[in-house]
Amino acid sequence: MVQVVEHIDPGSFRPPHCPWPECSRHRPSADRPFRFHRHGRFTRKCDGRQVQRYRCTCCKRTFSQQTFAFSYYLKRPDLTVPIAAGLQACSAHRQLARSLGCSHTTVTVRAARLGRHALLFNAAALERIDQIDEPVVLDHLETFEFSQNLPAGIVTPVGHKSWYGYDLEPAPHHRTGRMSRVQRRKMERLYEKIGRPPRDAIPRSFRRSLDRLLERSPDGLELFTDDHPAYRRELRRHPQRDKVRHRVFPNPKRGPKGSPRSPEAIQRDQAMFPADLLHMILRHTCAHHKRETIAFGRRINALMERGHLTMLWRNWIKGRSERKPDPATPAMKLGLTDRPLTWHEVFGRRLFPSRIEVPEGWMKVYRREWITKAIGINRPHALVNAF
């Protein structure tokens, strides 16, 4: 069971490492153990709890037990679990704010922090996977940022047997499809202001996600996709294409709703089911991914933060199926845990990006370096003493 740092008695808590990345004891080893001295206490204002302070004997900098808690620097730590659960229950930020008695900006800021923690949690879990021993189903979830004139795809590779979500990769791209003259004029005015989105975003995002999958597949990868032409083209160009066994399941034409499916449609649906199910869960449990909504995502960074939170919930907390039912989580199917986790356990300890092997593409999301040009202010995440 994962212990919540705030619930550990100060007398028995031992800091596992120096929290300052510049210190050589930030990553202690057998020949360089971490040593510290107790350095007084202070009273936390939000709950009146006595918190033990420490001093690192190597860098001489101070820290406290609270430094290793997820609620580090939070004035309302009691809101973390209700906001996380509410976001996954399809509540919008203002709805949560009214229910919890706080400002909607508090919910927005906390949602970003939850997303960053979830990203690090997913990265730490990915480190533990040495070999992907199952076919991977890869597809793009189509959504949009800021407005429908700025569509964005999100690559979602999912294990075919475990239903474990391995990766998320954004792909803001040019709008396509049928448009009225009014819609086209509105789109052109927006593109004149901010510039045209890239037309090769889909293949580039596929390439980045494939590279991460191949890092965890030294013996080869079996990949299931639909018949998107960008997938075939990028695989032909990839230097490790010989390690990928690519199986294509085209999207066949379908009749009216309720009509019998063709054999080709049944084969495609069975092969692509894990990715289709994840997309349905995202649209059902996240207010900003619904087809018609006023709770849409304004920034691509926020979309990805919420995506990582949903992926954590799907992989570690939620059972694979509620209809069968199957209480085992995808992480249990991979042998990463022996039981479902709870929100309190997931947010029991603070995670440090400097101690986790985070993919560079994920760090771009963590640092909020994806720019939504239609919004004038794009603040990066560059806090010095917090995460």
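Along each chain, residue indices are assigned from 1 in the same order as the chain's sequence is written. The model is predicted, so local features are restricted to residues of pLDDT at least 70 and side-chain atom pairs to those at 80 or more, both for listing and for counting; the totals for chains, interfaces and linings are taken over all residues. Where side-chain values are given, they derive from all heavy atoms of the structure, hydrogens and water being excluded.

## Section: the overall build of the protein chain
- The secondary structure content of the protein chain amounts to 11 helices and 10 strands.
- On C-alpha atoms alone, the protein chain measures out to a radius of gyration of 23 Å, which is about the 21 Å that the 2.2 N^0.38 rule sets for 387 residues.
- Dimensions of the protein chain along its principal axes, counting C-alpha atoms only, are 70 × 50 × 40 Å.
- Out of the 387 residues in the protein chain, the part that is buried amounts to 53%.
- Throughout, a contact is declared for two residues whenever any of their heavy atoms are within 4.5 Å. Pairs at least 24 apart in sequence give 63% of the contacts found in the protein chain among residues at least 6 apart.
- Element-wise, carbon and sulfur atoms account for 51% of the exposed surface of the protein chain, whose accessible area totals about 19900 Å². Put simply, DSSP marks the helices as runs of H or I at least four residues long and the strands as runs of E at least two long, and each gets a number from the N terminus on. In this description the radius of gyration comes from C-alpha coordinates, and the expected globular size is given by 2.2 Å times residues to the power 0.38. Only protein chains enter the calculation, and the probe is 1.4 Å; a residue is then buried if its accessible area is under 20% of its type maximum, exposed if over 50%, and partly exposed in between. The Shrake-Rupley method, run with a 1.4 Å probe, gives the accessible areas here. Residue values count only the displayed protein chains as cover.

## Digging into helix α4 (residues 181–194)
- Helix span is expected to be 1.5 Å times the residue number reduced by one. Look at α4: 20 Å from first C-alpha to last across 14 residues, which is about the 20 Å you get at 1.5 Å a residue.
- Regarding α4, the residues found buried are Met187, Leu190, Tyr191 and Ile194. Looking straight down α4, one finds that the buried residues subtend no more than 100° of arc, so they occupy a single side. Those residues of α4 that are exposed and aimed more than 90 degrees away from the buried face are Arg181, Val182, Arg189, Glu192 and Lys193.
- Gly195, located one to two residues past α4, shows a positive phi value of around 90°. As used here, the arc is the angular range of directions from the helix axis to the C-beta atoms.

## Considerations on the nonpolar core
- Ranked by size, the top nonpolar core spans 70 residues in total, and within it Leu223, Trp316 and Trp343 carry the most contacts.
- The leading source of residues in this core is helix α3 (residues 104–127), at 10 residues.
- Apart from the residues within four sequence positions on either side, Leu223 is in contact with Val136, Leu138, Phe206, Leu210, Leu235, Val244, Arg245, His246 and Arg247.
- In this text, buried Ala, Val, Leu, Ile, Met, Phe, Trp, Tyr and Cys residues form a nonpolar core when linked through side-chain atoms within 4.5 Å. With 14 residues, the next largest nonpolar core counts Ile8, Cys18, Cys56 and Phe68 among its residues.

## Quick word on the pattern of salt bridges
- For this analysis, a salt bridge means a side-chain nitrogen from Lys or Arg found within 4 Å of a carboxyl oxygen belonging to Asp or Glu. Throughout the structure, instances matching the rule amount to 26 salt bridges.
- Between Glu22 and Arg61 there is a salt bridge, with the nearest N and O atoms lying 3.4 Å from each other. Note that Glu22 is positioned in the segment before β1 (36–43) and Arg61 in the loop between β2 (50–56) and β3 (62–64), a separation of 39 residues in sequence.
- Residue class for Glu22 comes out exposed when judged on its relative accessible area of 63%.
- Between Arg367 and Glu369 there is a salt bridge; the shortest N-O distance is 2.7 Å.
- Residue class for Arg367 comes out partly exposed when judged on its relative accessible area of 25%.
- A residue is classified by how much of its surface remains accessible, and Glu369, at 36% relative accessible area, is partly exposed.
- It is possible to trace a salt-bridge network through shared partners that takes in Arg254, Arg261, Arg268, Asp269 and Asp276.

## Some details on the environment of Thr57
- Locating Thr57 in the fold gives a position in the loop between β2 and β3.
- In this structure Thr57 touches Arg35, Phe36 and His37, once residues within four positions along its chain are discounted.
- A polar side-chain atom of Thr57 sits 3.0 Å from the main-chain carbonyl oxygen of Arg35. Two N or O atoms count as a polar contact when they lie within 3.5 Å, although within protein this holds only if one can serve as hydrogen donor and the other as acceptor, and sequence-adjacent residues are included solely when both atoms are side-chain atoms.

## Concerning the pairing of β1
- DSSP-based pairing: two strands are paired if at least 2 bridges between them are found. Pairing analysis gives six bridges linking β1 to β2, with the strands arranged antiparallel. Paired with Phe36 across the strands is Cys56, a residue of β2.
- Where β1 folds back onto β2 in an antiparallel hairpin, the turn is made up of six residues, including Gly48, whose phi is positive at roughly 70°.

## Digging into the sheet that holds strand β6 (residues 151–155)
- Taking strand neighbours across the sheet as the criterion, the three strands line up as β5-β6-β8 in an open arrangement whose pairing is antiparallel. Edge positions in the sheet fall to β5 (140–144) and β8 (169–172), since each of these pairs with one other strand and no more. Each adjacent strand pair in this sheet contributes to an overall mean axis angle of 25°, direction not counted.
- The strands that helix α5 (residues 201–215) touches are β5, β6 and β8; relative to β8, the one it contacts most, it runs at about 170°. Interaxial angles span 0 to 180 degrees and are taken between N-to-C directions of axes, which are lines fitted to C-alpha atoms, for helices over the stretch in contact.

## Structural notes on the packing of aromatic side chains
- Think of it this way: a Phe, Tyr or Trp ring, Trp meaning its six-membered ring, pairs with another when their centres are within 6.5 Å, and the plane angle makes it stacked under 30 degrees, edge-to-face over 60, tilted otherwise. Following the criterion strictly, the structure yields 16 aromatic pairs and no others.
- Seen in terms of ring centroids, Phe13 and Tyr54 are 6.3 Å apart; in terms of plane orientation they differ by 50°. Their pairing is tilted. Taken together, the residues Phe13 in the segment before β1 and Tyr54 in strand β2 connect sequence positions 41 residues apart. There is no split in this pair, since Phe13 and Tyr54 are both buried.
- Ring centres 5.5 Å apart and planes at 65° place the aromatic pair Trp163 and Phe273 in the edge-to-face group. You can see Trp163 sitting in the loop between β7 (158–159) and β8 and its partner Phe273 sitting in helix α7 (residues 263–285), a full 110 residues away along the chain.
- Using a relative accessible area of 34% as the deciding quantity, one classes Phe273 as partly exposed.
- Comment: the charge-over-ring label is applied if NZ (Lys) or CZ (Arg) is within 6 Å of the ring centre and within 35 degrees of the ring normal. When the ring centre of Trp20 is taken as origin, the NZ or CZ atom of Arg61, which lies over that ring, is 3.6 Å away.

## Describing empty space enclosed by the protein
- Using protein atoms alone on a 1 Å grid, points that fit a 1.4 Å probe yet trap it form a cavity, whereas open point sets bounded by protein on both sides within 12 Å along at least five of seven lines form a pocket; residues with an atom within 4 Å of a point count as lining. Grid points are joined across faces, edges and corners, and a volume is the space filled by probe spheres set on the points. Inspection of the entire model under this criterion finds two cavities of 30 Å³ or more.
- Its boundaries defined by the atoms lining it, the largest cavity holds a volume of some 60 Å³.
- What lines the largest cavity is simply Ile154, Leu168, Leu278, Leu282, His289, Gly307, Thr310 and Met311.
- Secondary structure elements with two or more residues in the lining of the largest cavity: α7 and α8 (300–317).
- Examining the composition of the lining of the largest cavity, we find that three residues originate from one element, α8, more than from any other.
- Taken together, the residues of the lining of the largest cavity break down into five nonpolar, three polar and no charged.
- Here the second largest cavity is characterised by a volume of approximately 40 Å³.
- Leu126, Ile132, Tyr166, Asp167, Arg212, Leu213 and Arg216 together form the lining of the second largest cavity.
- Grouping the constituent residues of the lining of the second largest cavity by class yields four nonpolar, no polar and three charged. Residue classes follow a fixed rule: Ala, Val, Leu, Ile, Met, Phe, Trp, Tyr, Cys and Pro count as nonpolar, while Asp, Glu, Lys and Arg count as charged, and any other residue, Gly among them, counts as polar.

Function cannot be inferred from these measures alone, as they are strictly geometric.
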